[in-house]
Amino acid sequence: MSYDSNNIFARILRGEIPCRKVDEDAHTLSFHDINPLAPTHVLVVPKGEYRDVTDFADRASDAEIAALFRAAARVAKAQGVEGAGYRVLANCGADAHQEVPHLHLHVFGGRPLGAMLKRAK
Ligand code: AMP
């Protein structure tokens, strides 16, 4: 599947749409989710055009991959959730309900987050 360069995060990265930025470096931009599901809900986005984890692992440089995880840890620290705990999650594809087809890590925290998934019936 090819990358859709008109997705909402690509437009944020190009500065066409505003975001509430919390962190930025050469390879990543992090901003508050517009519809937060926890007191801390930040999206950590690579600046390169990657659809999901598979695409990122296939094509990104080692520096880009390291930068994404370092950004997630930096965000968790800066948001004050590192001590109590936090969750980093990436939805990939239809079964995971990925809405925006540009790789992003969700960083959730600020309250007990519950079980990772509901048990299947
Ligand atoms: P996912 O289902 O993993 O693709 O998650 C997409 C996330 O992007 C959702 O949590 C949305 O609330 C969030 N989102 C969509 N549009 C924006 C936006 N303009 N700014 C910040 N977050 C957004």
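Above this text sits the structure in question.
The structure reproduced in this document is the subject of the present report. These numbers were taken from a predicted model, which means no experiment stands behind them.

**Focus: the sheet that holds strand S5 (residues 105-109)**
Across a sheet, paired strands are connected by hydrogen bonds in the backbone, their directions being either parallel or antiparallel.
Piece 1. As summarised here, the arrangement of the five strands in space is S1-S2-S3-S5-S4, forming an open sheet in which the pairing is antiparallel. The open sheet is flanked by strand S1 (21-24) and strand S4 (86-89), the only strands paired with a single partner. Adjacent strand axes in the sheet meet at a mean angle of 20°, parallel and antiparallel pairs treated alike.
Piece 2. Two strands pair when backbone bridges link them, and S1 and strand S2 (residues 28-32) are joined in this way by three bridges, in the antiparallel orientation. Paired with Glu24 across the strands is Leu29, a residue of S2.
Piece 3. Of the strands in this sheet, S1, S2, strand S3 (40-46), S4 and S5 touch helix H3 (residues 62-78), which is tilted by about 160° from S3.

**A closer look at the layout of surface pockets**
Piece 1. Of the volumes computed, that of the largest pocket is approximately 760 Å³.
Piece 2. What lines the largest pocket is a set of 27 residues, and nearest its centre among them are Asp33, His41, Leu43, Glu99 and His106.
Piece 3. Broken down by element, the lining of the largest pocket gets its largest block of residues, three residues, from helix H1 (residues 8-13).
Piece 4. Here the residues of the lining of the largest pocket sort into 16 nonpolar, eight polar and three charged.

About the cut-offs
Residues numbered from 1 in each chain as written. Predicted model: local features only at pLDDT ≥ 70, side-chain atom pairs only at ≥ 80, totals over all residues. Heavy atoms only, no water. Pairing = 2+ DSSP bridges. Helix = DSSP H or I, 4+ residues; strand = E, 2+ residues; numbered from the N terminus. Axes fitted to C-alpha atoms, helices over the stretch in contact; angles between N-to-C directions. Contact = heavy atoms within 4.5 Å. 1 Å grid on protein atoms, 1.4 Å probe; cavity = no way out; pocket = protein on both sides within 12 Å on 5 of 7 lines; lining within 4 Å. Points joined across faces, edges and corners; volume = space filled by probe spheres on them. Nonpolar A, V, L, I, M, F, W, Y, C, P; charged D, E, K, R; others polar.

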